[in-house]
Structure formats: C-alpha cells, structure tokens
Amino acid sequence: MVSRSYSNLLELASGDSPTFGRMNRQIPRIMAVAGIMSNIDNDSKESSPSSDLSPKDRIIIVANELPIRAQRKLETSSTSTSTTHCCSSKGWTFSLDENSLLLQLKDGLGSEATTTEVIYVGCLKEDIHPNEQEEVYQLLLENFKCVPTFLPLDLYTRYYHGFCKQQLWPLFHYMLPLSPDLGGRFDRSLWQAYVSVNKIFADRIMEVINPEDDFVWIHDYHLMVLPTFLRKRFNRVKLGFFLHSPFPSSEIYKTLPIREELLRALLNADLIGFHTFDYARHFLSCCSRMLGLTYESKRGYIGLEYYGRTVSIKILPVGIHMGQLRSVLSLPETENKVKELIEEYSKKGRRMLLGVDDMDIFKGITLKLLAMEQMLTQHPEWQGKVVLVQIANPARGKGKDVKEMKAETYSTVKRINQAFGRPGYDPIVLIDAPLRFYERVAYYVVAECCLVTAVRDGMNLIPYEYIVSRQGNEKLDKILKVENHHKSMLVVSEFIGCSPSLSGAIRVNPWNVDAVADAMDSALEVAEPEKQLRHEKHYKYVSTHDVGYWARSFLQDLERSCGEHGRRRCWGIGFGLSFRVVALDQSFRKLSMEHIVSAYKRTKTRAILLDYDDTLMPQGSIDKRPSSKSIEILNTLCRDKSNLVFIVSAKSRETLSDWFSPCEKLGIAAEHGYFLRLRKDVEWENCVAAADCSWKQIAEPVMELYTETTDGSTIEDKETALVWSYEDADPDFGSCQAKELLDHLESVLANEPVTVKRGQNYVEVKPQGVSKGLIARRMLSMMQEKGTPPEFVLCIGDDRSDEDMFEVICSSTEGPSIAPRAEVFACTVGQKPSKAKYYLDDTTEIVRLMHGLASVSEQTMSAV
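Counting restarts for each chain: residues are numbered from 1 in the order of the written sequence. Side-chain atom pairs in this predicted model are given and counted only at pLDDT of 80 or more, local residue features only at pLDDT of at least 70, and totals for whole chains, interfaces and linings cover all residues. Calculated side-chain values reflect all of the structure's heavy atoms, with hydrogen atoms and water omitted.

A.B. asks: Before we go on, may I ask you to explain the overall build of the protein chain in this structure?
C.D. replies: Broken down by element type, the protein chain carries 27 helices and 35 strands. Taking the principal axes of the C-alpha coordinates as reference, the protein chain spans close to 110 × 65 × 50 Å. Relative accessibility decides the category of a residue: with a 1.4 Å probe and only protein chains considered, values under 20% of the type maximum give buried, values over 50% give exposed, and everything between is partly exposed. Looking at the protein chain as a whole, 56% of its 864 residues are labelled buried. Should any heavy atoms of two residues lie within 4.5 Å, those residues are considered in contact. Taking contacts inside the protein chain between residues at least 6 apart in sequence as the whole, the part at least 24 apart equals 72%. Computed with a 1.4 Å probe, the accessible areas rest on the Shrake-Rupley method; for each residue, only the protein chains presented here act as cover. Carbon together with sulfur atoms contributes 50% to the accessible area of the protein chain, which is approximately 36,600 Å² in total. Each charge class in the protein chain was averaged separately, 104 positive and 116 negative side chains, and the resulting centres sit 4 Å apart. The secondary structure listing takes helices from DSSP runs of H or I that are at least 4 residues long and strands from runs of E that are at least 2 residues long, numbered from the N terminus. For the purpose of charge, His is not counted, nor are the chain termini; Lys and Arg are scored as positive and Asp and Glu as negative. Throughout, a charge is located at the NZ atom of Lys, the CZ atom of Arg, the CG atom of Asp or the CD atom of Glu.

Okay, structure coming up:
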C-alpha cells in the first residue's frame, strides 16, 4: 500500500521516484518502494479531531539530538548508577537520557503513552564510525525506537557549530554580527550545510513515516527548513514545529539574508509553537512585514492563512517532569548531599543564593557576580553571612566568545573573593564542573533564593526545578527541620520565557546591576509568611503545567489543525525552499482557460462584471489608471453584442469617467454601486435613494485624528463615502490603528444611516444598503426584462466587498434571472476563503483570461 497523500508533481516531473516507508504499525527496516500518485481529488478520507489522540496514532519526534547516552565500552567503568535500561553493541553502550525533554515528553502523555507509539529521529552526541553505523542503527531501532541520523563530522561541525551556534543562535538572542567578533557573519557555505542536514533528516523520516496517520513533531531552530522537505514529499503530512529559543523582533530578524526562506519553511508546518506571546508576536510581525500575511484569532486560536492552508500558532511554555524530579528528591544520594550542604552552609550561619546557568554569553553570569559584589558593598551586614553558589554547566557551543566568557567569570570571582573573603569564607563559590542531577537538586533544596538573570533566554526551567525541589518531601522536611511551611524566593530576568508565568518572583533587568543587587537584598529580607505565599502560588502553577500538560496540549492542537487535511485538494508549487502547498476545498478550483473559453464560445447572451482595484490593476501600482491594453480588451468585449460588461469599483464616478472615457459602451458602477452608468452617452443614476451626507461632519474629524497619528495613512473623500487608507503605513501599526478607528467610528456613527467596514488596508464609511451585490442584481434583472437572461456569467473580484457580487451571482443560478443550465463563473483573486467557486492567482492571469475572451469575440465579429 502506498500513501494517497502523495501529490508532489515537481518531484515526479523531475524524474525522481517518490519513496515511502512501510505502512505497518511496527517501525520498518530501511526500505524504499516505488509509489504511484493517486487522484487526490478522489481522496475522501476524513479525519475528525478529538480531544485525545486515538490508539492508532503514532508520533515521530524529531530533534537535533536523540534522548540517548552513548559511551565507548572502554569508558563504561565510569558510568553512573542510573537504573535506566541499557543495550550494547560490540563497541558501544547505550542508555536513555532521563534528562532529555524528548523522553520526558513521552512520559508526560500519561495513559496515552501506552497506546501511542513514539519514534525518535535525531543525531547521537558521539561520532559513530561508518563501519559501526548499521549495527548501531539496528540496536537503537529495536531497543529504543530511535532512528539515528549519522552525519559526517565535517558536515555536522559546519551545520551545528557553524550555522546554528554562530549565526542563528546569536541572532535569535538579539546579537547582530556588527563586527567579526560579535557573532558570525553570514556564510552561505554554512547555510548550505544547514539545508543539507535538514534534507538528511527528511530522508531518515521517510524510512519510518506512515504519512496518512503519523504525527511529526519537530523541535527547535536546528531544523527550521525540515518542514519544507517533508511537505514537499507528503502534501498532507501532519506536521508540528516548536521553537524552544526566543524569536527576535522583526527589526533584528530582517537582517538575516535567508529570512524569507526560513519563514516559508516554518509555514509549511500545520502548527507552530512558541513559549511566550512575545515570541509569537515577533514571528507574526515578520510574516506580515516580509510576506504580507495577516493573522486572525478565532475562538481563542491564532491562525495564518497561507495559500489556502491555515497555519495555527500555539503559545504555551514547556514544563518540567514532576515525576522524575520527585523521584530524584527521594533518592538517598539526594538526602545525603542535602545533609552535607547543610553542614557546609546552614550550620555555619551562611545563607545560600543559587545560580545555575550554562557557561555562555547570554546567561548573564558576570552581571550576576557584579550584582553580588554591589550588594556586599552596599549592605556590609551580609558579608560573611551570604554565599552565592554559581553552578556553571558546560557551554553547548564552541568559539572565542565562550572562552572569553569563561575567563571573565573566573577573574571576576577571584577579584570579589579577594575583596570580601576571609578565612573559611568565600562570598562566591563557582562550580565549573558537570554535576549529577541529584547533586543539583540538593543545592535547590538548600538555597534560600534562586537567581536566573539571563540577558536573553528561550524558556529556562531552572526556576521551575527550584520551586518543586523546595517543596521537598517528608524526609527532606525533617532534615531541613521545616513542618509543611515551604518557602522559596526567585529573582528572574525579564528576558526569559518563564518570567511571565512566575508572578510571585522579583523580576529584574539583568543589565541594571544596582537593581539586581537590590532584588537580592530584598529576597533575603522578605518576611517568612510572604515567602510561603509566593512559593504556594508558584508551586500550584508549576505542578499543574508540567511537561505532560504541555505535550498533550500541543498534540491536541496539532490534531485539530490537521483536521481539514482529508477534505482539501492539495498540490505543491514553487521550487527549492520556496515550495509551498496550495490547499483548497473540493469545490474551489482554479479557473481553466480552456473551460471558460469553450463556454464563452457556445453561449449567446453574456454578463461580465469586473472589479477594478487589485483585479484588473495590480496591487501596489502607483499609477492606478488602466493600461492601453486593458482599454483595448474592454472595448473589444463591449463591441460584441452578446456581451453586457460592467466595471465595478470603489472609486468616485469622476475618476472612473476620466479613466474609462475611451470605452463608449462600458457600464460603470462607482462607489461600490451607489452610482451607475450603463454607457458613456447616458447620465449617471443612483442605485439607492439619495444619501444625506451630514454624517461626514462627524466621521471626518475622527479620521483626521488617526491620519495625524499614523504616518503614511490618507483620507479619500468621495461623494457618498469616506475612506481611510493605510496602505503606505507601517503594516502592524496601521492594522492596529484601523481596528481602533473601526471601533471609534462605529461608536460615534451608531445613530447614522451608514455602515463602517474594514477592507484590505482601509476603513470605509458608506450609506447603508450600498454594495456591489446591488449592481450584480441590477444587471441580471435588466437582461431578464429584455428577454435575454444570460447563458454565461463571469464575475471577478478580490476583496471582501466583492463577496456580495459572488453571493448574488451564485444564488441566482436557480432563479429566473439566469438562463437554465447557464455557465456561471464567480472567480476571486488568490487562494482564500470565498463565496466564489473559482480563483486565479493574480492580475496577470486575469488580464490573460480577458484577452483570450476578447480574441474569441473579435474572431466571431470578423466572421459575421
């Protein structure tokens, strides 16, 4: 069996054979079989989203690293005391990494974990020799359901330590490469390595995926272009992506030379997750400014319309594994370490402040040390009584900045200890060596306050771990001599992802050393009842928003986001990283030139309604006048006695009269149909009763206020309407102002006979009852009264205002105003939700279509 979801015409056209994994529920051995593309239009399979994953579901979790520890057998003598299941090859011993978020994610599924198959795809932390890779692959596949991605060492170095850590990671943490010393300048060879690795990951996933049923969940910035490779091979793949790092503001992100490629790649996912609203807002702003996309929030869900697909946005911070942390708290090793730390600090009258950070430039370790120095200087009473224990985990990246950071940290610690230390007392204890997890937990248990002062960080779970550790258990309570009165204090940076969820923490700007010093002093001085209340509030949140809650919520939203896959027709367009999938309703299809020309030729009475702005005239054109070619096409269509042709526009009648003065027989509807002229030699008439425009005295001052405060916005004063346009304004600010203006106008004009509507880059006030649907209805009734109901109807528009025309045209097919079995073509510009049944991609295609119809008319008239 092969997947009916496959519809990559580009790959077939290139001569490459599509490959598919076996479709059984067990993980297949590496195998590729030729596939046959089926008719996607006949794919009637539907999926109904539910609140829980069904037993048949399988999740493929993809990340840069597998949740596996690997050790050479010569090194196994120093292995930890973990009871985790192990397996061995001739040269390697493998075990699960219990600290891996990917493994905790599976455990977090709870009862669903026993019925849901989870497969991991990623790299190993160790380099495996090519001669051993086949054996290791089989071993990890059979024992851990892990599919290792083996990369040549040079390629991995350029991909991970090069592009990921020297270019993406600094930029996402707001560091621009203004000089060679400040992050890596863009290197296209490193970018090519990044793309190559993402493609290798896609090949690995192909070996195990069942594209019709499996969910694929990709993690973090290492694999940002992977969604494109997967979507290209399987147009209906169920694909989620979660970014664990910050996403920078558009002003930072737009400096990236491959900015659009990354955005379009992410938009090939069905669901994109972020830790905080700020990160999601920055991503949406980038999509708006660089791709021209807009988002909507419907019933609490944020979605981006992208070529007929709705890409959902998820905002939910990750949590910790409560079960694992509680089990570590119960270990005898943890209890012994706690006793040891109490002897070392508490019994000597020393109060511990704790910092746990990676040794990298964004964790703010040096700033924290300077704040400690400032506190000891300003509050000498704490000298000899307070100790800052700074645990420095090894940096994940390599480079000059890490070495400089390490050297600066050591020199700062040395200087402060020399200034404030005394025999038997150092104010700062730097632990620059890997600690076992139970040792770190023991420090959490003893510390009175935890300091997390990163200058920029994606999430940072250290505060969550600290809170749960301070909750402790009965044995630890006895050791600490506390009786269910658990306390904790947090000083956290405003620039980390967990900060918004910790409302009881003391939030600081880590760059303000004085403020951090004051916060440290305040944390030590807070009254005991206050510490208890803050702890209780934090613990309630952390314990209910654990990693399981996060995983289940994301997967439920992913299933909901993919619910329409089976009901859509899909096909791929574009090459390389510009590839995207067009997804349309079964009844919504592209207007075929051959089909409409054939219908045009065999019909004798025709009605043609054309919107003007952004339909016949491209969006963004400065000169809005019709081209000589457009005038020639319209004149040819109007000379055909079988045709009745109308231009319908929001423009004023003076403007339209001037622009279309060469067209003697063209019907024109101005100001959305308020004014109508059947041909050039007749007078304009009103389609509705004459309007009282006294409301303009109320609306215009309001619009002028928003024009003054919104650079790039303008007001167009028509005879019966007022339009506030923000086409040339900042898109984010303009959209925000348009929403406010809409509310403002609706309020002040509530008792006036007008409607206030928002369109694409404008807000318009016009008389009630005026719409383009009036013109469509008037046109059809005119032809019916003459005894010539149309056998052919073509209506083309691009905006919300054109939907009224589509509705009238489509609803008239069963009535007397249109001939029986008439050919009706309601067509919108671009793939988007519409009442029209057809679409064309852009104005170029529309002009080409109209030229084709004009050619038919010209031939017919020449033959007479």
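Still more to cover.
A.B. asks: Explain the pattern of salt bridges to me, please; I cannot follow it from the model alone.
C.D. replies: Between side chains of opposite charge, a pair can form when the charged atoms approach closely. Note on definitions: salt bridges are taken to be side-chain nitrogens of Lys or Arg within 4 Å of carboxyl oxygens of Asp or Glu. Scanning the model with the defined rule gives 44 salt bridges in all. Ionic pairing is found between Lys125 and Asp97, a salt bridge with its closest N-O pair at 3.3 Å. Taken together, the residues Lys125 in the loop between β7 (117-123) and α3 (130-144) and Asp97 in the loop between β6 (92-96) and α2 (101-107) connect sequence positions 28 residues apart. Between Asp203 and Arg233 there is a salt bridge; the shortest N-O distance is 2.6 Å. Taken together, the residues Asp203 in helix α5 (residues 188-206) and Arg233 in helix α6 (residues 226-233) connect sequence positions 30 residues apart. For Asp203, a relative accessible area of 31% puts it in the partly exposed group. Among the ionic contacts, a cluster of salt bridges with common partners joins Arg351, Glu448, Lys487, Glu528 and Lys531.

A.B. asks: Teacher, can you tell me more about the packing of helix α4 (residues 153-172) against α5 here?
C.D. replies: Helix packing geometry: the angle between the two helix axes and the distance between the axes. Note on geometry: axes are lines fitted to C-alpha atoms, helical ones only across the stretch in contact, with angles between N-to-C directions running from 0 to 180 degrees. Put simply, α4 and α5 touch, their axes get as near as 8 Å, and they point 115° apart. As α4 packs across α5, the resulting crossing turns out to be left-handed. Here α4 contributes Leu155, Arg158, Tyr159, Gly162, Phe163, Cys164, Gln167 and Leu168 to the contact with α5, which in turn contributes Ser189, Leu190, Trp191, Ala193, Tyr194, Ser196, Val197, Asn198 and Ile200. Amino acid classes used here: Ala, Val, Leu, Ile, Met, Phe, Trp, Tyr, Cys and Pro are nonpolar; Asp, Glu, Lys and Arg are charged; the rest, including Gly, are polar. Grouping the constituent residues of the contact of α4 with α5 by class yields 11 nonpolar, 5 polar and 1 charged. Note on convention: the crossing is left-handed when the near helix lies turned anticlockwise from the far helix by less than a right angle, right-handed when the turn is clockwise.

A.B. asks: It is not clear to me how the nonpolar core should be interpreted in this structure. Could you clarify?
C.D. replies: Across soluble globular proteins, nonpolar side chains have a tendency to be buried as a group. What is meant by a nonpolar core is a set of buried Ala, Val, Leu, Ile, Met, Phe, Trp, Tyr and Cys residues, joined one to another through side-chain atoms within 4.5 Å. Among the nonpolar cores identified, the biggest contains 190 residues, and Phe94 and Phe283 are the most heavily contacted of them. Domain ranges listed in this record stem from an automatic or a database domain assignment. When residues of this core are assigned to domains, at least three map to each of domain 1 (58-71 + 85-315) and domain 2 (322-545). Formed by 43 residues, the second largest nonpolar core is a distinct cluster that contains Leu610, Trp659, Trp684 and Ala854.

A.B. asks: When you look at helix α21 (residues 628-639) in this model, what are you seeing that I'm missing?
C.D. replies: The periodicity of an α-helix, 3.6 residues per turn, causes residues three or four places apart in sequence to face the same way. Over its 12 residues, α21 runs 16 Å from end to end, which matches the ideal 16 Å to within 8%, given 1.5 Å per residue. Every buried residue belonging to α21 is among Ser630, Ile631, Ile633, Leu634, Asn635, Thr636, Leu637 and Cys638, and all of these are buried. A helix is expected to span 1.5 Å multiplied by its residue count minus one.

A.B. asks: Please clarify how empty space enclosed by the protein should be interpreted in this entry.
C.D. replies: The method is simple in principle: a probe with the dimensions of a water molecule rolls over the atoms, and the space it marks as empty is what remains. Space inside and on the surface of the protein is sampled on a 1 Å grid over the protein atoms alone, with a cavity defined as a set of points where a 1.4 Å probe fits but cannot get out and a pocket as an open set with protein on both sides within 12 Å along at least 5 of 7 lines; lining residues have an atom within 4 Å of a point. Grid points are joined across faces, edges and corners, and a volume is the space filled by probe spheres set on the points. The full count for this structure, using the stated rule, is 2 cavities of 30 Å³ or more. For the largest cavity, the calculated volume is near 40 Å³. If you go around the largest cavity, the residues you meet are Leu610, Leu616, Ser630, Ile633, Leu634, Val847 and Met850. The set of elements that each furnish at least two residues to the lining of the largest cavity consists of α21 and α27 (843-863). The greatest single-element share of the lining of the largest cavity, amounting to 3 residues, is contributed by α21. Per-class residue counts for the lining of the largest cavity are 6 nonpolar, 1 polar and no charged. The space that makes up the second largest cavity amounts to roughly 30 Å³. For the second largest cavity, the full set of lining residues is Glu671, His672, Lys718, Thr720, Ala721, Glu764, Lys766, Pro767 and Val770. In terms of residue class, the lining of the second largest cavity is made up of 3 nonpolar, 2 polar and 4 charged. Counting residues domain by domain, the lining of the second largest cavity receives three or more from each of domain 3 (590-688 + 769-863) and domain 4 (698-766).

A.B. asks: What is the right way to look at the environment of Ala551 in this model?
C.D. replies: Tracing the sequence through the fold places Ala551 in helix α19 (residues 547-561). Discounting residues that sit within four places of it in the chain, Ala551 has contacts with Leu105, Leu109 and Trp217.

A.B. asks: Whenever I open this one, the side chain of His222 confuses me. Can you help?
C.D. replies: Its place among the elements puts His222 in the loop between β9 (215-219) and α6. Owing to a relative accessible area of 9%, His222 belongs among the buried residues under this scheme.

A.B. asks: What's the story with unusual backbone geometry in this structure? I'm lost.
C.D. replies: For residues other than glycine, phi is negative in most cases, and the peptide bonds are mostly trans. The backbone of Glu671 sits at a positive phi, close to 50°, despite the residue not being glycine. Relative to the helices and strands, Glu671 resides in the loop between β26 (667-670) and β27 (675-677). Using a relative accessible area of 3% as the deciding quantity, one classes Glu671 as buried.

A.B. asks: Would you take a moment to explain the pairing of strand β15 (residues 351-358) for this structure?
C.D. replies: Within a regular beta strand, the side chains point alternately toward one face of the sheet and then the other, so they alternate between its two faces. With 7 of its 8 residues buried, β15 lies for the most part within the structure. Note: β15 against strand β16 (residues 386-393), 8 bridges, orientation parallel. Within the sheet, the bridge partner assigned to Gly355 lies in β16 and is Gln390. Viewed along the sheet, the connection from β15 through helix α12 (residues 365-378) into β16 turns out right-handed. For two strands to be treated as a pair, DSSP must find at least two bridges joining them. Relative to strand β18 (residues 449-452), β15 runs parallel, the two being bridged by 2 bridges. Looking at the pairing, Leu354 lines up with Cys450 of β18. Orienting the strands away from the viewer, one traces the path from the first strand over the helix to the second; a clockwise path indicates a right-handed crossover.

A.B. asks: Where do I start with the packing of aromatic side chains in this structure?
C.D. replies: Within a pair of aromatic rings, the relevant descriptors are the distance that separates the centres and the angle that separates the planes. Pairing of aromatic side chains here covers Phe, Tyr and the six-membered ring of Trp, requires ring centres within 6.5 Å, and sorts the geometry by plane angle: under 30 degrees stacked, over 60 edge-to-face, intermediate tilted. By the definition in use, this model includes 29 aromatic pairs. Measuring from centroid to centroid gives 5.1 Å for Trp217 and Trp550, while their planes differ by 45°, and the two rings are tilted. Taken together, the residues Trp217 in strand β9 and Trp550 in helix α19 connect sequence positions 333 residues apart. Overall, Trp217 belongs to the buried group, its relative accessible area being 0%. Consider the rings of Phe242 and Trp550, whose centres lie 5.1 Å apart with planes at 85°: the pair is edge-to-face. With Phe242 in strand β10 (residues 238-242) and Trp550 in helix α19, this pair connects stretches of sequence that are 308 residues apart. The criterion is that NZ of a Lys, or CZ of an Arg, lies within 6 Å of the ring centre and within 35 degrees of the ring normal, and then a charge sits over that ring. The cationic tip of Arg560 hangs over the ring face of Tyr301; the distance from NZ or CZ to the ring centre is 3.6 Å. Above the ring of Tyr600, the side-chain terminus of Arg606 is found at 3.8 Å from the ring centroid.

A.B. asks: Is there a simple way to think about the sheet that holds strand β17 (residues 428-431) in this case?
C.D. replies: Within a sheet, each strand pairs with its neighbour through backbone hydrogen bonds, oriented either parallel or antiparallel. Strand order in this open sheet of 6 strands is β17-β16-β15-β18-β19-β20, and the pairing throughout is parallel. The two strands at the open ends of the sheet, each matched to only one other strand, are β17 and β20 (506-508). Averaged over all pairs of adjacent strands, the angle between strand axes in this sheet comes to 20°, irrespective of strand direction.

A.B. asks: Any chance you could explain the confidence of the model for the protein chain here in plain terms?
C.D. replies: For any part of a model where pLDDT is low, the fine detail of the predicted coordinates should not be relied upon. Looking at any residue, its pLDDT shows the predictor's confidence there, from 0 to 100. Confidence in the prediction of the protein chain, expressed as mean pLDDT, is 86, and 90% of residues score 70 or more. In this model residues 1-55 is a low-confidence stretch, pLDDT under 50, and it forms 125 contacts with partners more than four residues away in sequence or in other chains.

A.B. asks: Can you help me understand the packing of α12 against helix α13 (residues 400-420) in this one?
C.D. replies: α13 packs onto α12 with a crossing angle of 10° between their chain directions and a minimal axis gap of 9 Å. The angle between the axes of α12 and α13 places the two elements in the roughly parallel class. Every residue of α13 that contacts α12 at Ile365, Thr366, Leu369, Leu370, Glu373, Leu376 and Thr377 is listed here: Met405, Glu408, Thr409, Thr412, Val413, Arg415, Ile416 and Phe420. The class makeup of the residues in the contact of α12 with α13 is 8 nonpolar, 4 polar and 3 charged. Each angle receives one of four descriptions, namely roughly parallel if under 35 degrees, roughly antiparallel if over 145, roughly perpendicular if within 65 to 115, and oblique otherwise.

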